[in-house]
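Single-letter residue listing:
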Amino acid sequence: MVDVDWDAEAESFDEEADHGLRDPEVRGAWAERLRGWLPERASDVLDLGCGTGSLSLLAAEQGHRVTGVDSSPAMVELARAKLAGRDAAFLVGDAAMPPVGEQRFDVVLVRHVLWALPDPGRALRRWWGLLRPGGRLVLVEGVWGSVGISAERVSGLVEPLGARVLVERLSGDSLLWGKAVEDERYAVVARSD
């Protein structure tokens, strides 16, 4: 488990280009990727480790109903403010064991969270169980220097769930990150249909 005080990081979190998505080109690049990863029809999206709600906002703007979960009350407060008036709810809780009860979702969206969990396989099994039939996991992860989780490892953890797995390499798309990156960044999209 990574030891970061996310409440302390909340105030400046959106200053990073790929966190706040304030730059129109970066925002547009993420919106376009989400259009490809999320269903075309309005769907229920669970955004785990939602941070300040930047991806939640893009999903809501595309017509989806969003539930965001983050362990940081300060991040959740910022997400609530960012999505005020939209079809979105935000909960303080553990992304690995989200506090959603029996509710099921069409999409479980997770960006830069899996790598930091002590048991990623267990979290993936839990998240897979939160999907409705025909649902999908959308996992955006990477390896940054000496930390992270490789696409091969994530695929290896997801495939036994019975998923159809697509790995999309993202390192070469500098618009997503607001700069050129050399490290491994990718999305794993796993579907149950």
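Data block above holds the structure.
Presented here is an overview of the structure given in this document. Quantities reported herein were computed from a predicted structural model and do not represent experimental measurements. (Residues numbered from 1 in each chain as written. Predicted model: local features only at pLDDT ≥ 70, side-chain atom pairs only at ≥ 80, totals over all residues. Heavy atoms only, no water.)

Things to note about unusual backbone geometry
Consideration 1: The backbone of histidine 112 sits at a positive phi, close to 55°, despite the residue not being glycine.
Consideration 2: On the secondary structure map, histidine 112 appears in the loop between strand 4 (105-111) and helix 6 (120-129). (Helix = DSSP H or I, 4+ residues; strand = E, 2+ residues; numbered from the N terminus.)

Considerations on the packing of helix 3 (residues 24-37) against helix 4 (residues 54-61)
Consideration 1: Two elements in contact, helix 3 and helix 4, have axes whose closest approach is 10 Å; the angle formed by their N-to-C orientations is 60°. Here helix 3 is positioned oblique relative to helix 4, judged by the angle of their axes. The interaxial crossing formed by helix 3 with helix 4 has right-handed handedness. Contact residues: Arg27, Trp30, Ala31 and Leu34 in helix 3; Leu55, Leu57, Leu58, Ala59 and Glu61 in helix 4.
Consideration 2: Across the contact of helix 3 with helix 4, the residue classes break down as seven nonpolar, no polar and two charged. (Axes fitted to C-alpha atoms, helices over the stretch in contact; angles between N-to-C directions. Parallel < 35°, antiparallel > 145°, perpendicular 65-115°, else oblique. Left-handed = near helix turned anticlockwise from the far one by under 90°. Contact = heavy atoms within 4.5 Å. Nonpolar A, V, L, I, M, F, W, Y, C, P; charged D, E, K, R; others polar.)

Some points on the environment of alanine 84
Consideration 1: Positionally, alanine 84 belongs in the loop between helix 5 (73-82) and strand 3 (88-92).
Consideration 2: Spatially, the C-alpha atom of alanine 84 lies 21 Å from that of valine 107, the residues being 23 residues apart in sequence.

With respect to the pattern of salt bridges
Consideration 1: Counting across every chain of the model gives 13 salt bridges.
Consideration 2: With a closest N to O distance of 3.4 Å, arginine 35 and glutamate 32 form a salt bridge. One end of the pair is arginine 35 and the other is glutamate 32, both in helix 3 and three residues apart, which spans about a single turn.
Consideration 3: Aspartate 183 serves as the salt-bridge partner of arginine 185, at 2.7 Å between the closest nitrogen and oxygen.
Consideration 4: Under the relative-accessibility criterion, arginine 185 is labelled buried at 9%.
Consideration 5: Each member of the salt-bridge network shares a partner with another, and the members are Arg41, Asp44, Arg65, Asp106 and Arg132. (Salt bridge = Lys/Arg side-chain N within 4 Å of Asp/Glu carboxyl O. Buried < 20%, exposed > 50% of the residue type's maximum accessible area, 1.4 Å probe, protein only.)

Section: the pairing of strand 2 (residues 65-70)
Consideration 1: Taken across its six residues, strand 2 has five buried, putting it largely inside the fold.
Consideration 2: Note: strand 1 (residues 44-48) against strand 2, five bridges, orientation parallel. Counterpart to aspartate 44 in the pairing with strand 2 is arginine 65.
Consideration 3: Crossover handedness for the path strand 1 to helix 4 to strand 2: right-handed.
Consideration 4: Alignment of strand 2 against strand 3, held across five bridges, turns out to be parallel. (Pairing = 2+ DSSP bridges. Right-handed = clockwise from strand over helix to strand, strands pointing away.)

Quick word on the packing of helix 6 against helix 7 (residues 151-158)
Consideration 1: The interhelical angle for the contact between helix 6 and helix 7, taken along N-to-C directions, is 50°, at an axis separation of 10 Å. Classified by the angle their axes make, helix 6 and helix 7 are oblique. As for the relative orientation of helix 6 and helix 7, their crossing is right-handed in sense. Counting all contacts with helix 6, which are made through Pro120, Gly121 and Leu124, the residues of helix 7 involved are Arg153, Leu157 and Val158.
Consideration 2: Of the residues contributing to the contact of helix 6 with helix 7, the split by class is four nonpolar, one polar and one charged.

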